[in-house]
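# Observations on the three-dimensional arrangement
What follows is the residue order along each chain.
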Amino acid sequence: MSQQSERSDQPGRKPFLYVVVCAAGVARDVDRLLVAAREAGWDVGVVATPQGLGFLDAAAVEARTGYPIRSGWRAPGDPRPFPDPDAIAVAPATFNTINKWAAGIADTLALGILCEAYGLGVPTAVLPAVNSHLAQHPAYAESLARLRSMGVRISTGAPHTPRSGDTADFPWEEVLELLAHGPDSTAR
Ligand SMILES: Cc1cc2nc3c(=O)[nH]c(=O)nc-3n(C[C@H](O)[C@H](O)[C@H](O)COP(=O)(O)O)c2cc1C
């Protein structure tokens, strides 16, 4: 895995990764990604969808990252809780959030950040957690194609999750590889 270097514009500061966590069963294991990202040299902040919050151990995430989980918008005038992102990893990404993001819907903070990332040019990689039944819906293939056309790096290595959303072999680190090496690093 490649290591991140410090930001050239702010010496001493590590690059900042947003990990967007959606409401999939596997989200309970997100600490695996947080550990891997920090080992790779990222500072990390977690943005959870409102539904995704229920799948996380907030205290454990905050202890690991040093930042509170973000899920709703800050109040006008409040300081920004996180630095601007140098990259975004969406893991796990649900069927719901993938389709809404591709359609340009921004009714959660997570979706607002993802929709804005395109215009800002922030590198963004996605690890879908979608079961094989949902994946057959025609909107899903159209959404993935649209996101790819926007330059979003989408893992093709994640197996379809069971309907429970649980999977022990979810390839968390693949999303970091996609950010490190570009969109074709895991193409099959
Ligand atoms: C236990 C459980 C596990 C779930 N796992 C998944 C999953 O792996 N993938 C998925 O797309 N939806 C899954 N869902 C359904 C999502 O939670 C639901 O579609 C939700 O609206 C997604 O919200 P979000 O995209 O804003 O996070 C699961 C629901 C439950 C209750």
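Everything here concerns the structure above.
Residue positions within a chain follow its written sequence, with the count starting from 1. Whole-chain, interface and lining totals are the exception, using all residues; otherwise, since this is a predicted model, local features are given only for residues with pLDDT of at least 70 and side-chain atom pairs are given and counted only at 80 or more. As a convention, hydrogens and water are excluded, and side-chain values are obtained from all of the structure's heavy atoms.

This part takes up the pairing of strand β1 (residues 16–21). With a 1.4 Å probe rolled over the protein chains alone, any residue whose accessible area is under 20% of its type maximum counts as buried; one over 50% counts as exposed, and the rest are partly exposed. Strands here mean DSSP runs of E at least two residues long; helices mean DSSP runs of H or I at least four residues long; both are numbered from the N terminus. Buried residues dominate β1, accounting for six of its six residues. Taken together, the six bridges between β1 and strand β2 (residues 43–48) define a ladder with parallel strand orientation. By the bridge assignment, Leu17 is partnered in β2 with Val44. When the strands point away from the viewer, a crossover counts as right-handed if the route from the first strand across the helix to the second turns clockwise. In this fold, β1 hands off to helix α1 (residues 31–39), which returns the chain to β2; that crossover is right-handed. When DSSP finds two or more bridges between a pair of strands, those strands are recorded as paired. Sheet topology places β1 next to strand β3 (residues 87–93); four bridges connect them, and they run parallel. Paired with Val19 across the strands is Ala89, a residue of β3.

What follows covers the sheet that holds β2. Pairing within the open sheet is parallel, and its five strands lie in the order β2-β1-β3-β4-β5. At either margin of the open sheet sits one strand with a lone partner, and together these are β2 and β5 (153–154). Residue contacts follow a heavy-atom distance rule, with two residues in contact if any of their heavy atoms lie within 4.5 Å. Axis definition: a line fitted to C-alpha atoms, over the contacting stretch in the case of helices. Angles run 0 to 180 degrees between N-to-C directions. The sheet strands contacting helix α4 (residues 109–120) are β1, β2, β3 and β4 (124–128), and the helix crosses β3 at an angle near 135 degrees.

Below, the discussion takes up the site of the ligand. For the ligand, the set of nearby residues contains 15 residues, the closest of which are Ala23, Thr49, Thr94, Thr97 and Ala129. Residue Ala23 places a main-chain N or O atom 2.6 Å away from an oxygen atom belonging to the ligand. Thr94 places a side-chain nitrogen or oxygen 2.6 Å from an oxygen atom of the ligand. With the chains in place, 67% of the 640 Å² that the ligand exposes on its own is no longer accessible. Throughout this entry, Asp, Glu, Lys and Arg are counted as charged residues, while Ala, Val, Leu, Ile, Met, Phe, Trp, Tyr, Cys and Pro are counted as nonpolar. The remaining residues, Gly among them, count as polar. Partitioned by chemical class, the residues of the shell around the ligand number six nonpolar, nine polar and no charged. Any residue with a heavy atom lying within 4 Å of a molecule or strand is counted as near it. In the analysis that follows, any N or O atom pair within 3.5 Å is treated as a polar contact, provided that within protein one partner can donate a hydrogen and the other can accept it, and provided that, for residues neighboring in sequence, both atoms belong to side chains. Accessible surface area values rest on a Shrake-Rupley calculation with a 1.4 Å probe, where residue burial reflects the displayed protein chains alone.

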